[in-house]
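Listed below, chain by chain, are the residues.
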Amino acid sequence: MLQSAHVLVADDEKNGRRMLEILLNQLGFQVSTAADGAEALEIIRTTSIDLLITDLNMPKMDGLALLSALRGEGNELPVIVVTAYGTVESAVAAMKQGAFDFIVRPLDVEQVEMVVHHALESCRLKQENTFLRDQLDKKGWGEFIGQNSAMHNVYDLIKQVAPSKASVFISGETGTGKELVARAIHRHSGRSGLFVPINCAAIPASILESELFGYVRGAFTGADKDRIGKFEFAHQGTVFLDEITEIPLEIQTKLLRVLQENTIERLGTNRNSKIDIRVIAATNRNPRLAVDQGHLREDVYYRLNVVNINLPPLRDRQDDTLLLANSFIEKYCKQLGYPKLQLSTAACELLTAYPWPGNVRELENIIERAVVISRGSKIDEEHLPQEMVMVESQQLPLQRQYDDGGLQDCDNLENCVASLEIRMINNALQNAEGSKAQAARSLKISERTLWYKLKKYKIGVTYAEE
Ligand SMILES: Nc1ncnc2c1ncn2[C@@H]1O[C@H](COP(=O)(O)OP(=O)(O)OP(=O)(O)O)[C@@H](O)[C@H]1O
Ligand SMILES: [Mg+2]
C-alpha cells in the first residue's frame, strides 16, 4: 500500500531532483517533481500527493515558506526536508514548524527508504485514527451513544463545565444516563481525587449523616474509632449525590454548610477541616416540584443547580434507539462470542415504537436478553418481550399530552375510555407524588396493570419512584 504512494520532490537543482526521483522510483513510489516551492504548492493543491520531500533553499518560495503555507491551509501532508551535511540546524528548525523528519545529503539509500516509509506509515495510522474517531463521533461521544441534537447539547455542556468546579444538577427519568454524565464530568475535569458516588436513597437515614461526614471515636454508641466520611474521601475529587431529594432535610442543612464553606465537620467534634470537592447531584424527580413539595431545600437546590443538565427520555430521541440497540447488540455479542447479529425489520419497528419507560437501561436489558435467547441468529420480534408487542398493537395513533383534563378526540368509545383512563392515572400519579405503588392502590388496580397502562398510553414516568 505504501509502495504505491505518490511522492513529490521539490528541489531547484536538477541533479538533486533527478537522484531522488530515480531512487524513489526504484523503491516503487510514484514520483512528481517541482523546481521551487511555489510550483510544489500548486501541484499539492491540484494533485493527490502522499508525501513531500523538499529542499530548504529554493528560489520563489523556500522549503520553510512552503511548509508554513501548507500548514496555514490546514494541510497535514507529511513533509521530509533535505539538508546538506553540516546544516542540520535548519532541518531542525523545519521540524519545529511541523516537518516530519529530515534526510542529509549526500543521500544514503537505506536512510531515504527508512525515513520515507516511517513518514508514510505514521501518516496512515493518523488517518486511520481520525477515521475511527469520526465514526465514533457519528455514533455518539466517548461511551455515550446518541446523535440526537439534545444529546449533542449534553456532550457540549459536559465538555464546557467539566474543567470548572461548578456544581452540576442532573435531572432526567430513570435510566437516561445521569450517572454516566456525572462520571464523564469527573473524567474530563482533570481533578486528581476520586469519583465517589453516593446513592442517598439506598443509605438508611439513620447512618447517612455519619456516612457523609464521618465521625470521631465516641461520637455515638458504637463509634469505637475515628472514621472518614464520603466527602473527605472525595477530597480533590467529585462527590456524586444520587437521588439527592432522599436526603432528610436536617442533613441537607449540614450539606449546605459544606457547599458554602468548603469545610467538613466530623460527627462528635467541633473541628472544621478544609475540603476541596466538586459536587454533582442527580434526581429522577422533577427538582422544582421536589422543592415545592418540601423534599429538597430551596437553598440547597440553588447552590447545586449552578449548571443544569436535563437528560431527555429515550422516547423523545427515537432516532437514537436503533443506534443504541445496535451498540448493545455488539457489546453482548462480543461477550458471548457471537458474530454481530442483525435486527429484523419487525424488531426494528417494535423497538422504535415502544415508549421505553425505563429508558436506556431498559433498552440495554431487553437487548441483552434478546441476544442471549436468539442463540446467535438474527434478532426478531419473538426475541423481544411479549409486553412490547402488546403495547405496540394497542397503541393509540398519537402520543398526546393528556394532563389538560379534557376529553378531546372523543369520537368513539375506545378513545373516550382511553382519555378517561389517562386523566385518572395522571391524577393518581400526581397525588401519589410519582409513587406508582401508591397510585395503583388509589386506582384499585394492581401495579402490574398500572405499568401496562403507562406503557400503553406512553405516559411519562418523569417522577418515577420504583
Ligand atoms: N447515551 C447512552 N449511551 C450508552 N449507554 C447509555 C447511555 N445512557 C445510558 N446508558 C446506559 O444505561 C444504563 C443506565 O444509565 P445510568 O445508570 O447513568 O442512568 P440513571 O439516569 O443514573 O438512572 P437511575 O435514575 O435509575 O439511577 C447504564 O448502563 C448506562 O451505561
Ligand atoms: Mg443513577
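Residues numbered from 1 in each chain as written. Chains lettered and ligands numbered in written order. Predicted model: local features only at pLDDT ≥ 70, side-chain atom pairs only at ≥ 80, totals over all residues. Heavy atoms only, no water.

Colleague: Explain the overall build of the chain to me, please; I cannot follow it from the model alone.
Modeller: What the chain contains, in helices and strands, is 19 helices and 16 strands. Burial status across the chain gives 47% buried among its 466 residues. Counting only contacts in the chain whose residues sit at least 6 apart along the sequence, the fraction spanning at least 24 positions is 67%. Total accessible area computed for the chain in this model is approximately 23,500 Å², and 50% of it derives from carbon and sulfur atoms. (Helix = DSSP H or I, 4+ residues; strand = E, 2+ residues; numbered from the N terminus. Buried < 20%, exposed > 50% of the residue type's maximum accessible area, 1.4 Å probe, protein only. Contact = heavy atoms within 4.5 Å. Areas by Shrake-Rupley, 256 points an atom, 1.4 Å probe, with all protein chains shown as cover.)

Colleague: Help me understand the site of ligand 1, please; the structure alone is not making it clear to me.
Modeller: Near ligand 1 there are 17 residues, and of these Ile145, Thr174, Gly175, Lys178 and Arg361 occur at the shortest range. Summarising the interface, the protein chains cover 83% of the accessible area of ligand 1, which totals 640 Å² for the free molecule. Counting residues per element, the ones that place at least two in the shell around ligand 1 are β7 (144-145), α7 (178-187), α13 (321-336) and α15 (359-374). Summarising the domain contributions, the shell around ligand 1 has at least three residues from each of domain 2 (144-312) and domain 3 (315-394). (Near = heavy atom within 4 Å. Domains from an automatic or database assignment.)

Colleague: Sorry, what's going on with the packing of aromatic side chains here?
Modeller: Where two aromatic rings form a pair, the distance of their centres and the angle of their planes describe that pair. Within the structure shown, the criterion is met by nine aromatic pairs. Consider the rings of Trp141 and Phe144, whose centres lie 5.8 Å apart with planes at 20°: the pair is stacked. For the pair shown, Trp141 and Phe144 are each scored as buried. For the pair Trp141 and Tyr155, a centre-to-centre distance of 5.6 Å together with 35° between the ring planes defines the contact as tilted. (Phe/Tyr/Trp six-rings, centres within 6.5 Å; stacked < 30°, edge-to-face > 60°.)

Colleague: Help me out: how do you make sense of the UniProt feature "modified residue: 4-aspartylphosphate" (unreviewed entry) in the chain in this one?
Modeller: As recorded in UniProt, the feature "modified residue: 4-aspartylphosphate" (unreviewed entry) lies at Asp55. Mapped onto the secondary structure, Asp55 falls in strand β3 (residues 51-55). (UniProt positions renumbered as here; feature names shortened; annotations may be inferred.)

Colleague: Got a minute to help me understand the pattern of salt bridges in this structure?
Modeller: When their charged atoms lie close together, side chains carrying opposite charge are able to pair. For the coordinates displayed, the defined rule picks out 21 salt bridges. With a closest N to O distance of 3.3 Å, Glu209 and Lys254 form a salt bridge. Within this pair, whereas Glu209 is found in helix α8 (residues 205-213), its partner Lys254 is found in helix α10 (residues 249-261), the two being separated by 45 residues in sequence. In this structure Glu209 comes out as partly exposed when scored by relative accessible area, which is 27%. Look at Lys254 and you get buried, because its relative accessible area is 18%. Taken together, the shared-partner salt bridges connect Asp11, Asp55 and Arg105 into one network. (Salt bridge = Lys/Arg side-chain N within 4 Å of Asp/Glu carboxyl O.)

Colleague: Can you walk me through the sheet that holds strand β9 (residues 195-199) in this structure?
Modeller: One key point about sheets: their strands pair by backbone hydrogen bonds, in either a parallel or an antiparallel sense. On the basis of which strands lie adjacent, the open sheet formed by five strands has the order β9-β12-β15-β8-β16 and parallel pairing. Every interior strand has two partners, whereas the edge strands, β9 and β16 (307-311), have only one. Pairs of neighbouring strands in the sheet enclose a mean axial angle of 15°, with direction left out of account. Sheet topology places strand β8 (residues 168-172) next to β16; five bridges connect them, and they run parallel. (Pairing = 2+ DSSP bridges. Axes fitted to C-alpha atoms, helices over the stretch in contact; angles between N-to-C directions.)

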